[in-house]
Amino acid sequence: MGLLRATILAAAVTGLVELLQLTVVAGRDASAADLVANTAGAAVGWWVGRVRARLLFPGPARAATAAAAWAGVGIASALLTGWSLPHSLRATTWYGQWAPGEPEPEWFNGEVLAVELGRRQLPHGRQRDSEQRRAELMEDTVRLAARIVSITPPEERLRIVALADSAGRMITLTQRGRDLSFGVRTRAAELFLQTPVFRVPDGLPAALGDTVVVRGLYWRGWAQLQGHRSEVSLLDGWSLLLPAAQGGPAALVLTVGWLLLLFAPIGFYGGQVRGIGWAVSPALLMLIMPVLVAGLTRTPLPAAWEVAVGATAALAGRVLGGRSDGRTV
């Protein structure tokens, strides 16, 4: 079936479905956007089906280019991640926020006894010395701490305390169940990317009425929350795109998936080039660059297990790519 026939068929089937949703199926709305998206998706699918052999097994010269290009993408991701990690607090009027008195939606409804930002107390409401506080924090570790009276672990997420300005919150401590989370605005926000959030499971007492100090610290990718250390390395580029909290199982799964996405294609395409160098050199370069950049930018080094996962992914890709003999076009 040619491209034109496949596109017309997809448009016809989608049009019929949308017509049924408009006239027969209750509770569903027809959408021109669905018609366009499904038709375009069919055309793209037809094209991928026709060229998949050339995409996967493009021949030695193009495979070498693909391996080098993929390594370049990985290095660019590491550089962007490293650049994004320092905290970035807006030079505006700041406000200390927590729920005063009676409970408010989405806010911690226990008692907040005292709050510290940096090395000084943080009053509730508008900060008259915002500019001075910003100058202090931008040159130091971000510290936000609150002495609170605990509540029954809530099912929904509640903000305990936050530093904010008119554009939004920049530092937050939140509770969900017994889990404690700490978020900080970094340079990533300047590019409308995700900023890091760190979570500690069971970081708060289960008993009602305990007095406890909750504390979060952050510096260039390193964080400490209730004494538990966590970090974002330059190989955690997914954290710029997805909002999962560091310290949870979702972050582990995403990191492994991200490393597979970065390293496996290098080995796969490099394995289609004569000599093992093309499968090894780009992957080694991708591992060496984050280490060098981390040292220069004072950001966390990639963890040993991240290096191991990346190297294993490149090796697995090399094995798969090396089996392509006779299938190149």
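Quick notes on the rules
- Residues numbered from 1 in each chain as written.
- Predicted model: local features only at pLDDT ≥ 70, side-chain atom pairs only at ≥ 80, totals over all residues.
- Heavy atoms only, no water.
- Helix = DSSP H or I, 4+ residues; strand = E, 2+ residues; numbered from the N terminus.
- Buried < 20%, exposed > 50% of the residue type's maximum accessible area, 1.4 Å probe, protein only.
- Contact = heavy atoms within 4.5 Å.
- Areas by Shrake-Rupley, 256 points an atom, 1.4 Å probe, with all protein chains shown as cover.
- Salt bridge = Lys/Arg side-chain N within 4 Å of Asp/Glu carboxyl O.
- Pairing = 2+ DSSP bridges.
- 1 Å grid on protein atoms, 1.4 Å probe; cavity = no way out; pocket = protein on both sides within 12 Å on 5 of 7 lines; lining within 4 Å.
- Points joined across faces, edges and corners; volume = space filled by probe spheres on them.
- Expected span 1.5 Å × (residues − 1).
- Bend = angle between axes of the 7 residues up to and from the residue.
- pLDDT = per-residue confidence, 0-100.
- Axes fitted to C-alpha atoms, helices over the stretch in contact; angles between N-to-C directions.
- Parallel < 35°, antiparallel > 145°, perpendicular 65-115°, else oblique.
- Left-handed = near helix turned anticlockwise from the far one by under 90°.

## Looking at the overall build of the protein
- If you tally the helices and strands in the protein, you get 7 helices and 12 strands.
- For the protein, buried positions account for 41% of its 329 residues.
- Taking the intrachain contacts of the protein between residues at least 6 apart in sequence as the baseline, contacts between residues at least 24 apart amount to 68%.
- As presented, the protein carries roughly 17,300 Å² of accessible surface, and 61% of it is formed by carbon and sulfur atoms.

## As for the pattern of salt bridges
- For the coordinates displayed, the defined rule picks out 9 salt bridges.
- Residues Arg90 and Asp165 are paired through a salt bridge, measuring 2.8 Å at the closest nitrogen-oxygen approach. Here the residue Arg90 occupies a position in the loop between helix 3 (60-84) and strand 1 (95-97), and Asp165 occupies one in strand 6 (residues 158-165), the gap between them amounting to 75 residues.
- Since its relative accessible area comes to 22%, Arg90 is described here as partly exposed.
- When its relative accessible area of 7% is taken as the criterion, Asp165 is described as buried.
- Glu231 is the partner of Arg229 in a salt bridge, and the nearest nitrogen-oxygen pair spans 4.0 Å.
- Judged by its relative accessible area of 60%, Arg229 is exposed.
- Taken together, the salt bridges that share partners define one network made up of Arg120, Asp129, Arg133 and Glu136.

## Some points on the pairing of strand 7 (residues 168-176)
- Two elements, strand 6 and strand 7, share 7 bridges in a ladder whose sense is antiparallel. Residue pairing for strand 7: Ala162 is matched across the bridge by Thr172.
- In sequence, strand 6 turns back onto strand 7 through a hairpin of 2 residues.
- As defined by bridge partners, strand 7 adjoins strand 8 (residues 179-184) across 6 bridges and the pair is classed as antiparallel. Looking across to strand 8, one finds that Thr172 is bridged to Gly183.
- Here strand 7 folds back onto strand 8 in antiparallel fashion, the turn holding 2 residues, of which Gly177 has a positive phi close to 60 degrees.

## Quick word on the side chain of His87
- Locating His87 in the fold gives a position in the loop between helix 3 and strand 1.
- Among the residues examined, His87 registers a relative accessible area of 6% and is labelled buried.
- Not counting residues up to four positions away in its chain, the partners in contact with His87 are Leu137, Met138, Asp140, Val142, Val184, Arg185, Thr186, Tyr218 and Trp219.

## What about the layout of surface pockets?
- In this structure, the largest pocket spans a volume of roughly 530 Å³.
- Along the walls of the largest pocket sit 24 residues, with Thr172, Gly183, Thr195, Pro196 and Val197 positioned nearest its centre.
- Here the lining of the largest pocket takes 5 residues from strand 7, the largest share from any one element.
- By volume, the second largest pocket is sized at about 210 Å³.
- Around the second largest pocket, the lining is made up of 13 residues, and of these Glu231, Gln246, Thr255, Trp305 and Glu306 lie nearest the centre.
- Among the elements of the structure, strand 12 (228-231), helix 5 (249-270) and helix 7 (304-321) are those that each provide at least two residues to the lining of the second largest pocket.
- Broken down by element, the residue count for the lining of the second largest pocket peaks at 3 residues, all from helix 5.

## What about the sheet that holds strand 10 (residues 211-219)?
- Taken in spatial order, the 6 strands make up an open sheet running 3-2-5-10-11-12, and their pairing is antiparallel. Looking at the sheet topology across the chains shown, the edges are occupied by strand 3 (120-121) and strand 12.

## Looking at helix 5
- For helix 5, spanning 22 residues, the distance from its first C-alpha to its last is 32 Å, which sits close to the expected 32 Å at 1.5 Å a residue.
- At Phe263, helix 5 is deflected by roughly 25 degrees, the largest bend along its length, and proline Pro265 occurs up to four residues later in sequence.
- Along helix 5, the residues that are buried comprise Ala251, Thr255, Trp258, Leu259, Leu262, Phe263, Pro265, Ile266, Gly267, Phe268, Tyr269 and Gly270.

## Some points on the confidence of the model for the protein
- In this model, the protein carries a mean pLDDT of 85, and residues with pLDDT of at least 70 account for 85%.
- Scored below 50 in pLDDT, residues 325-329 shows 8 contacts in the model against residues more than four places distant or in partner chains.

## Thoughts on the packing of helix 3 against helix 5
- Following both chains from N to C, one finds helix 3 and helix 5 inclined at 155 degrees, their axes separated by 7 Å at the closest point. Our classification of the angle between helix 3 and helix 5 gives roughly antiparallel. For the crossing formed where helix 3 meets helix 5, the hand is left-handed. The residues of helix 5 that touch helix 3, namely those facing Ala63, Ala66, Ala67, Trp70, Ala71, Gly74 and Ser77, are Trp258, Leu261, Leu262, Pro265, Ile266, Tyr269 and Gly270.

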